[in-house]
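Fold and contact review
Residues per chain, in single letters:
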Protein chains: 2
Amino acid sequence: MSDVLVETMAEQRVRDAYARIAAADRPEVWIALVPEADALAAARVVDARVAAGADLPLAGLTLAVKDNIDVAGMLTTAGCPSYATSPAGRPGPAPVTAPAVERLVAAGAVLLGKTNLDQFATGLVGTRSPFGAVRHATLPDRVSGGSSSGSAVAVALGIADIGLGTDTAGSGRVPAAFGGIVGIKTTVGLVPTSGVIPACRTYDVVTTFTRDLALGVLATRLMVGTDPTDPSGRPWPADVRLGLRAAPVVAVPRPDDLLPLSPTWRAAFAAAVASVRATGASTVEVDVSPMLEAARLLYDGAIVAERYEAVGAFLDTAPPDADPTVAAIIAAGRDVAAHAYVADRATLAAAAARTEEILAGADLLLLPTTTEHPTIAAVQADPVAINRRLGTYTNFVNMLDLAAVAVPAGTVDGGPFGVTVLARAFDDQLALDLSARLLRESVGSVVEAGVDVLVVGAHLRGQPLHPELEALGARFVASVRTSAAYRLVALDTVPRKPGLVRTGSGSPIAGEVWRMSAGALGSFLAALPAPMSLGRAELEDGSWVVGFGCTAEAGAAGVDVTDAGGWVAALARGIDAPAG
Amino acid sequence: MSDVLVETMAEQRVRDAYARIAAADRPEVWIALVPEADALAAARVVDARVAAGADLPLAGLTLAVKDNIDVAGMLTTAGCPSYATSPAGRPGPAPVTAPAVERLVAAGAVLLGKTNLDQFATGLVGTRSPFGAVRHATLPDRVSGGSSSGSAVAVALGIADIGLGTDTAGSGRVPAAFGGIVGIKTTVGLVPTSGVIPACRTYDVVTTFTRDLALGVLATRLMVGTDPTDPSGRPWPADVRLGLRAAPVVAVPRPDDLLPLSPTWRAAFAAAVASVRATGASTVEVDVSPMLEAARLLYDGAIVAERYEAVGAFLDTAPPDADPTVAAIIAAGRDVAAHAYVADRATLAAAAARTEEILAGADLLLLPTTTEHPTIAAVQADPVAINRRLGTYTNFVNMLDLAAVAVPAGTVDGGPFGVTVLARAFDDQLALDLSARLLRESVGSVVEAGVDVLVVGAHLRGQPLHPELEALGARFVASVRTSAAYRLVALDTVPRKPGLVRTGSGSPIAGEVWRMSAGALGSFLAALPAPMSLGRAELEDGSWVVGFGCTAEAGAAGVDVTDAGGWVAALARGIDAPAG
């Protein structure tokens, strides 16, 4: 991706995107296109800023935004045109761009338009829209998946680089699975939802669709962060994990939990489990039926009242462009009693605790993203039951406070197959890291914060104390060398550890920089035994990071191994003194 | 308190408690007394365990438990006897003791009995009970305050050492104010609420009443901690603050926000503000009206549906012993729509964000605990309006996710006056620390976790970098000396810093141990400049803590000031080399 960015000016990328829009001939993808001239003007501004030296990580990448997310000056229809004109809805152009969009645009993305969706983000099919059913990118008789149908297809067709969706019950994941693309649904609260027409305000998440994971991670990183306009935002915890261990434990469902899949889909999932193992992970079967049960609360229980709270008063005016299936679902939330809602929330809290027990000992959970890939005709003939089956493995995720990444995993029945990597709340990076291994991609960190720490001895990869770093969720940054101001001595410890001693004159010493959260670093230091210490260390490039040292006393008593250039090399050739 | 513990056997303390119960002649305090013989037997078990060497921090302290909290083998009436017998309620003795109670009993507390309350914890007066209005401890024509009336009066009368209450809207604070005792209401979720008949399950907190703050802190510390039986529990965050800065900023309401107070009450509050300033705090006036507004949502809005969810189906059976005022309040929650509840929760989230803005720049907020001290007769004549006024400064606190400590603050109108110190969620310790300064008490930490860090130089109290520790919420533990293995050198830094160098032979060096959360410690280390380091340091008593060091290079270049015995002494006599 970065090659493309460097070589292509934004203006040309945008021009190409509009050519693809025309060539694709999928008018149902868009609810409102930005006029090409306006998008080109925006692209030229990006090019000028880059030329002037601005660091715009998304410079010239094209963006499609689901039409339940505000863009200033454009209507937000949520898939129901009259909602954007009726006094009972939200009439008129949005006054302010949603922070999630604004942050991408500020980073250089250029908006192409607002995309079609299952009306009011209620559906997983992409057919529930007066703007037309969104056809699948490559199998046009099949559904695109929804509710974020247009954004997903715009990305799958190669028109937009980044598609924004929203996800309450799977709307950012099911279309990714059908499209053979990546869908990132972060932990609820990380990305601001201000400027989003709520589906269920408690559980809505703004999501990304991208063709490769790395761009999705970058866009997500840019969108994450609390905003004064979103009182429901949640920051990363101080001990957030920043990296997945090399050999994680991944929970997978029992065969019984996979009965909703046809044999071909079950085989595709089994292949995905094998792929997970091939990354070095181990898998463990767990009973996910309590999670699947919890899913029923989303539509059969009281939670649907959240949908009524969002747009029920408008639908009560019987707008002619309301989708009848959507309107019926939301109307069912009108007469739900608050005490039933309170009881269902308590049931969900218990289910979340039960989920935590089920996942004890596992780093992540792998599930099929959905159950089948229906045709548009089949869904139109049976608009509720198929849609419901599609949500089997997605509906419960936000309600149980899990993070999820939907990744392509081969093909099935002539179309893309997808799996979802699920993580505990705020363990988003762990799910992204396993996804990257599955896709053989290298991805950045979705968490902005972290402290870089230089290790030079027993905490290096492959050395005996490395699991301490892994347990704290440390993330590998780089193999480095120190400046030449250091000497390395073998200390009199068990296990053998080196001491990095700043003497002003010495040699560059090989090491690794790992990033960890402040909470992890504090725990690491609290457990550090004498004579080790953590202070500042100077790298070969002149930068300083937190780094290991030792007491002067221990350093002076050690065996100098500086000339080995690093601890692994010193160990390999042998150290001329017994340890301990 | 600790003197008493050492000198008095549990059996004698319990015998004395039953003598006071008899002498007090306040039968309305208790719904069920433990038979004296049983309590004495429990006390003898405690005495035997202590004699056998068990460390029981509450050994022999007497405990009164509000009768909406389960004790195994006893009925839990919640102030409505038929609730504990009717099939529509929770018939029969509780099978399991609530974790909050169990943790105190495990620490040596001896249960005296279950106490009276405003029925279903709905009220702030203590008069809404078929077991009788609970009279004030010393002014028997006035209300005790509620809903945790019996537990508060049992403590105020000197019968029980610890009274457990519950607090949703002020039930753990208003009775403390009237009783001239301490009420600690922690952040929602810290103390398990399993085994508690909910009032509003989302906002209920188990609270303590004690005559001195230190015991309340100790009991609270023992009760805090997630439990598998409580899915709504919340752990301390990794960067929890453990101590209040020496000169905090305390927000206080504008005069307009105090209009509900009579002139004498306003004067009493002004005196409390002066007392806060006398502790070294500065005060800043803020507009708390948005918080007071939010309070209305508790009863006038949809949140009352939580009360119906808890016990509404039982009250719908029209039990003869239902308090009519309570029954009417809870019945109003029956027909609340879920969408209205969802909307009110969103309003509360916005109000919480607004509260965060109001408190920006302040460490804490001080409010009067309540507005007036009515007579029982007045409340019985007007059971709703007075009760509502009493909650003016308490109703919103749990809904806006604040922690609170109700502390005595002199007298007013011939009775006790009380104020409440409020803190952001999880800043409980900060509120407790200011409360301790107001009461001229020394209290322990309510947070179990933390890392002890030795500082010997610029981070000592009064030294230039000490504010860094304060900003991280570090808590003073002790003035200490190192073992004799160290030398102290003045480093070539600005500001002047010492390096503590372990040489094996040296002198004890004076320092201070401060405790901080792992998150704070990691942030501290991340900001630490060369040549300083943090490793392990040995104290004079042979224990090891995290402590400051420096690079060997810097240590060797420094000026030895070991013979001064500490940095402050070295600075006082002057250092024979220029800094920087």
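Here is what the cut-offs are and how they apply
Residues numbered from 1 in each chain as written. Chains lettered and ligands numbered in written order. Predicted model: local features only at pLDDT ≥ 70, side-chain atom pairs only at ≥ 80, totals over all residues. Heavy atoms only, no water. Domains from an automatic or database assignment. Contact = heavy atoms within 4.5 Å. Buried area = accessible area lost by both parts, 1.4 Å probe. Salt bridge = Lys/Arg side-chain N within 4 Å of Asp/Glu carboxyl O. Polar contact = N/O pair within 3.5 Å; in protein donor to acceptor, adjacent residues only side chain to side chain. Nonpolar A, V, L, I, M, F, W, Y, C, P; charged D, E, K, R; others polar. Helix = DSSP H or I, 4+ residues; strand = E, 2+ residues; numbered from the N terminus. Least-squares fit on C-alpha atoms with pLDDT ≥ 70 in both. Buried < 20%, exposed > 50% of the residue type's maximum accessible area, 1.4 Å probe, protein only. Pairing = 2+ DSSP bridges. Core = buried A, V, L, I, M, F, W, Y, C linked by side-chain atoms within 4.5 Å. 1 Å grid on protein atoms, 1.4 Å probe; cavity = no way out; pocket = protein on both sides within 12 Å on 5 of 7 lines; lining within 4 Å. Points joined across faces, edges and corners; volume = space filled by probe spheres on them. Axes fitted to C-alpha atoms, helices over the stretch in contact; angles between N-to-C directions. Parallel < 35°, antiparallel > 145°, perpendicular 65-115°, else oblique. Left-handed = near helix turned anticlockwise from the far one by under 90°. Disulfide = S-S within 2.5 Å. Lys, Arg positive; Asp, Glu negative; His and termini not counted. pLDDT = per-residue confidence, 0-100.

Right, let's get into the domain arrangement of chain A. All names here are of chain A. According to the domain assignment, chain A contains domain 1 (19-232 + 242-439) and domain 2 (451-573). Once you take the C-alpha centre of each, domain 1 and domain 2 turn out to be 43 Å apart. In this assembly, six residues from domain 1 lie in contact with eight residues from domain 2. Summed over both sides, the interface of domain 1 with domain 2 buries roughly 560 Å², with 43% coming from carbon and sulfur. It is Leu-242, Gly-243 and Arg-245 in domain 1 that bury the most area against domain 2; as a group they hold 79% of the surface buried on that side. Between domain 1 and domain 2 we count one salt bridge in total. Put simply, Arg-475 and Asp-433 hold a salt bridge, and the shortest N to O gap is 2.8 Å. Between the two partners, domain 1 and domain 2, sit five residue pairs in polar contact (both at pLDDT 80 or more). Residues that form the side of domain 1 that touches domain 2 fall into these classes: two nonpolar, two polar and two charged.

To continue, consider the side chain of Asp-167 of chain B. Residues and elements named next belong to chain B. One can find Asp-167 in strand E4 (residues 162-167). From its side chain, Asp-167 meets the backbone nitrogen of Gly-170 in a polar contact 3.1 Å long. A polar contact is formed between the side chain of Asp-167 and the side chain of Arg-173, at a distance of 2.8 Å. Discounting residues that sit within four places of it in the chain, Asp-167 has contacts with Gly-172, Arg-173, Lys-185, Tyr-203, Asp-204, Val-205, Thr-207 and Asn-398.

Of the transformation superimposing chain B on chain A, the axial component is 0.0 Å and the angular component is 180 degrees, with the fit at an RMSD of 0.0 Å. Classification of the inter-copy transformation places it as that of a two-fold axis. A high fraction, 98%, of the interface residues of chain B reappear at the interface in chain A, so the copies pair face to face through one surface.

Attention now moves to the pairing of strand E9 (residues 364-368) of chain B. All names here are of chain B. By the criterion of burial, E9 is predominantly enclosed, with five of the five residues buried. Here E9 shows two buried faces, one formed by Leu-364, Leu-366 and Pro-368 and the other by Leu-365 and Leu-367. Here strand E7 (residues 249-253) runs beside E9; their pairing, made up of two bridges, is parallel. Across the sheet, Ala-251 pairs through a bridge with Leu-365, a residue of E9. Relative to strand E11 (residues 415-424), E9 runs antiparallel, the two being bridged by four bridges. Its bridge partner being in E11, Leu-366 is matched across the sheet by Val-421.

Here we take up the interface of chain B and chain A. Taken together, the contacts link 47 residues of chain B with 46 residues of chain A. Summed over both sides, the interface of chain B with chain A buries roughly 3500 Å², with 71% coming from carbon and sulfur. Across the contact surface, chain B and chain A share two salt bridges. We note a salt bridge from Arg-502 of chain B to Glu-553 of chain A, for which the minimum N-O separation is 3.2 Å.

Before going further, it helps to examine the sheet that holds strand E15 (residues 498-502) of chain B. All names here are of chain B. In spatial order, the strands read E15-E14-E19; together these three strands make up an open sheet with antiparallel pairing. Looking at strand neighbours, the two that pair on one side only are E15 and strand E19 (559-560), the edges of this open sheet. Inspection of the sheet shows strand E14 (residues 486-490) paired to E19 by two bridges, in the antiparallel sense. Bridging from a neighbouring strand, Val-489 pairs with Asp-560 of E19.

All names here are of chain A. Relative to the helices and strands, Gly-123 is located in the loop between strand E3 (110-115) and helix H5 (149-156). We classify Gly-123 as buried; its relative accessible area is 2%. Discounting chain neighbours no more than four positions away, the residues touching Gly-123 are Asp-118, Arg-128, Gly-146, Ser-147, Ser-171, Tyr-299 and Asn-387.

On to the nonpolar core, then. Counting 276 residues, the largest nonpolar core has Leu-164 and Phe-396 of chain A together with Leu-164 and Phe-396 of chain B as the members making the most contacts within it. Non-local contacts of Leu-164 of chain A, meaning those with residues more than four positions away in its chain, are made with Leu-63, Ala-64, Val-65, Lys-66, Ile-69, Val-101, Leu-104, Ser-151, Val-206, Thr-207, Thr-208 and Met-223 of chain A. With 79 residues, the next largest nonpolar core counts Val-501, Ala-570 and Ile-575 of chain A together with Ile-509 of chain B among its residues.

Residues and elements named next belong to chain B. Taken as a whole, the second largest pocket holds about 420 Å³ of empty space. What lines the second largest pocket is a set of 18 residues, and nearest its centre among them are Leu-244, Asp-433, Arg-437, Arg-461 and Phe-476. Of all the elements in the fold, those that place two or more residues in the lining of the second largest pocket are helix H15 (428-439), helix H16 (466-471) and strand E13 (475-481). Looking at the lining of the second largest pocket, its residues break down into eight nonpolar, three polar and seven charged. Three or more residues apiece are contributed to the lining of the second largest pocket by two domains, here domain 1 (19-232 + 242-439) and domain 2 (451-573).

Our next topic: unusual backbone geometry. Residues and elements named next belong to chain A. For the bond running from Ala-530 to Pro-531, omega is 5 degrees, close enough to zero to count as cis. Position of Pro-531 relative to the elements: it lies in the loop between helix H17 (518-526) and strand E17 (532-538). At Arg-440, a residue that is not glycine, the phi angle is positive and equals roughly 55 degrees. Here Arg-440 shows up in the loop between helix H15 (428-439) and strand E12 (451-455). By relative accessible area, Arg-440 is classed as exposed at 77%.

This part takes up the sheet that holds strand E19 (residues 559-560) of chain A. Spatial ordering of the open sheet is given by E15-E14-E19 (chain A), a layout of three strands whose pairing is antiparallel. In this open sheet, the two edge strands, each paired with only one partner strand, are strand E15 (498-502) and E19 of chain A.

On to the environment of Arg-44 of chain A, then. Residue and element names in this part refer to chain A. Relative to the helices and strands, Arg-44 is located in helix H3 (residues 36-51). Sequence separation between Arg-44 and Leu-390 is 346 residues; the distance between their C-alpha atoms is 42 Å. Apart from the residues within four sequence positions on either side, Arg-44 is in contact with Glu-11 and Ala-37.

This part is about the packing of helix H2 (residues 10-24) of chain A against H3 of chain A. All names here are of chain A. Across the interface, H2 lies against H3 with an axial gap of 7 Å and an inter-helix angle of 155 degrees. Considering the angle they form, H2 stands roughly antiparallel to H3. Crossing of H2 over H3 shows right-handed handedness. Residues Ala-10, Glu-11, Val-14, Arg-15 and Tyr-18 of H2 touch H3, and the partners they reach there are Glu-36, Ala-39, Leu-40, Ala-43, Arg-44, Val-46 and Asp-47. Its residues assigned to classes, the contact of H2 with H3 comprises seven nonpolar, no polar and five charged.

This part takes up the state of the cysteines. As enumerated under the stated definition, the model contains zero disulfides over all chains in all. Just so you know, Cys-200 of chain A is unpaired, no disulfide at all, and the nearest cysteine sulfur is the one on Cys-80 of chain A, 17 Å from it. What makes Cys-200 of chain A buried here is its relative accessible area of 0%. The thiol sulfur of Cys-550 of chain A is not disulfide-bonded, and the nearest other cysteine sulfur, from Cys-550 of chain B, lies at 12 Å. Owing to a relative accessible area of 9%, Cys-550 of chain A belongs among the buried residues under this scheme.

Residues and elements named next belong to chain B. Throughout the structure, instances matching the rule amount to 56 salt bridges over all chains. Between Arg-388 and Asp-300 there is a salt bridge, with its nearest N and O atoms 3.0 Å apart. Linking Arg-388 in helix H14 (residues 385-390) with Asp-300 in the loop between helix H9 (289-299) and helix H10 (305-315), this pair joins segments that are 88 residues apart in sequence. Its salt-bridge partner being Arg-354, residue Glu-357 comes within 3.3 Å of it at the nearest N-O pair.

A separate point is H9 of chain B. All of the buried residues along H9 of chain B are Met-291, Leu-292, Ala-294, Ala-295, Leu-297 and Leu-298 of chain B. The inward-facing, buried residues of H9 of chain B contact helix H12 (338-358) and E9 of chain B.

This part takes up the side chain of Arg-128 of chain A. All names here are of chain A. Mapped onto the elements of the fold, Arg-128 is located in the loop between E3 and H5. Although Arg-128 lies buried, it forms no salt bridge, and the closest oppositely charged side chain, Asp-323, sits 5.0 Å away as judged by the N-O distance. Only 3.1 Å separates the side chain of Arg-128 from the backbone oxygen of Thr-122, close enough to count as a polar contact. In this view, Arg-128 contacts Leu-117, Asp-118, Gln-119, Thr-122, Gly-123, Asp-323, Thr-325, Val-326, Ile-329, Pro-383, Val-384 and Asn-387; residues no more than four positions away in its chain are not counted.

The next thing to look at is the confidence of the model for chain A. All names here are of chain A. A residue-level look at chain A finds 98% of positions with pLDDT of 70 or above and a mean pLDDT of 96. In the predicted structure, residues 1-6 sits below a pLDDT of 50 and forms seven contacts with residues beyond four places in sequence or in another chain. Scored by ipTM, the complex comes to 0.95, with pTM at 0.96.

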